[in-house]
Amino acid sequence: AGQTWIVMDAPPDQEDTGPWLAMAQRLTDAGLNAPLIRAVDAENGFVLMSDLGTRLFLPELNAGTVDALYGQALQALLQMQLHVPCTDLPAYDEVRLVTEMELMPTWFFERHLGFTPSCEQWDVIELAFRALISNAGAQTQVFVHRDYHSRNLMISESGKPGILDFQDAVRGPMTYDLVSILRDCYIAWPDERVYDWVEDYRQRAEAEGLATGTPERFRRAFDLMGLQRHLKVLGIFCRLYYRDGKAGYLQDLPLVWRYTRDIGRRYQETAALIDLIEHTIGD
């Protein structure tokens, strides 16, 4: 009847579709535009779902479209944080945060740059990590998609962005997904615009009953949460190359490093780590 559907083929011995199906249901129950599940054959690893189209946010983002598209994405994010249950999800706790950040010294320092930190240099790294962990734990804890950015959002005629890649959702800091979309690893915007979007989001979240603190406190939380994420991504992009043979991610390293450097230098707790990374990169 002119309607298209998508078939997921996920061999059970290689993929567990359970978390993906559970999160898809959770998102659609909250009125978000995730794939609707029409049929499941768990034994053979097949899922029949609605088709969210082919228009990713990233190729269509430009100075003329960004306010409208980010407006849709931020409205969906607020709806997600307000209405998607998360009390039973894994916590984005210290163990998880540290495990992620340690990808940076393992894959970026040691494998990519051939640098092994000394004991004194590890002290610098761990001091910065401790500040970032404290920042994450002090925030209002909500549903966190974990990969909420322009390559995982689809443009739809309804104005409600299609949401992908949500199977690893956790309960965690409210600025995590916000910084994922506004300081996207694949596209950058001037700081002034970013902070305008951040403050607008803070005001809307506060009006809906989410505790955000003062504008200055929320902006600091946003910045340091982004630093945690970008340190992790420096390691992940190198791992994707060296372990998985995905060379394309190396071209995104400069932007991720720029975010890391520019934000890390603004805060006393992390400035020494930035100096260490910059010295290690050299020329």
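Here the structure is shown first, and the text comes after it.
Residues numbered from 1 in each chain as written. Predicted model: local features only at pLDDT ≥ 70, side-chain atom pairs only at ≥ 80, totals over all residues. Heavy atoms only, no water.

With that settled, consider the packing of aromatic side chains. Per the stated rule, a full pass over the model turns up 11 aromatic pairs. Taking the centre distance of 5.1 Å and the plane angle of 55° together, the rings of Tyr 92 and Tyr 176 count as tilted. Here Tyr 92, found in the loop between helix H3 (66-83) and helix H4 (94-101), pairs with Tyr 176, found in helix H7 (residues 176-182); they are 84 residues apart in sequence, far enough to count as distant. In terms of burial, Tyr 92 and Tyr 176 fall into one category: buried. An aromatic cluster is defined as three or more aromatic residues linked by ring pairs; in this entry it consists of Tyr 70, Trp 189 and Trp 197. It is Arg 38 that lies over the ring of Trp 5; its NZ or CZ is 4.8 Å from the centre. (Phe/Tyr/Trp six-rings, centres within 6.5 Å; stacked < 30°, edge-to-face > 60°. Helix = DSSP H or I, 4+ residues; strand = E, 2+ residues; numbered from the N terminus. Buried < 20%, exposed > 50% of the residue type's maximum accessible area, 1.4 Å probe, protein only. Lys NZ or Arg CZ within 6 Å of the ring centre and 35° of its normal.)

By volume, the largest pocket amounts to about 650 Å³. Every residue lining the largest pocket is counted, 25 residues in all, and those nearest its centre are Asp 147, His 149, Asp 165, Ile 236 and Leu 240. Tallying contributions element by element places helix H9 (residues 215-242) first for the lining of the largest pocket, with 7 residues. Taken together, the residues of the lining of the largest pocket break down into 8 nonpolar, 4 polar and 13 charged. In this structure, the second largest pocket spans a volume of roughly 210 Å³. Lining the second largest pocket are 13 residues, and of these Ala 138, Gln 139, Thr 212, Arg 217 and Ala 221 lie nearest its centre. (1 Å grid on protein atoms, 1.4 Å probe; cavity = no way out; pocket = protein on both sides within 12 Å on 5 of 7 lines; lining within 4 Å. Points joined across faces, edges and corners; volume = space filled by probe spheres on them. Nonpolar A, V, L, I, M, F, W, Y, C, P; charged D, E, K, R; others polar.)

With that out of the way, let us pick up the pattern of salt bridges. The full count for this structure, using the stated rule, is 16 salt bridges. Residue Glu 94 pairs with Arg 130 through a salt bridge whose shortest N-O separation is 2.9 Å. On the criterion of sequence distance, the pair formed by Glu 94 in helix H4 and Arg 130 in helix H6 (residues 119-137) is long-range, its members being 36 residues apart. You can call Glu 94 partly exposed: its relative accessible area is 38%. (Salt bridge = Lys/Arg side-chain N within 4 Å of Asp/Glu carboxyl O.)

Further remarks concern helix H10 (residues 253-264). Helix length check: H10 (12 residues) gives 16 Å between terminal C-alpha atoms against 16 Å at 1.5 Å per residue, within 8%. Buried residues of H10: Leu 253, Leu 255, Val 256, Trp 257, Tyr 259, Thr 260, Ile 263 and Gly 264, and no others. Of the surrounding elements, those touching the buried residues of H10 are helix H5 (103-112), helix H8 (191-207), H9 and helix H11 (268-281). (Expected span 1.5 Å × (residues − 1). Contact = heavy atoms within 4.5 Å.)

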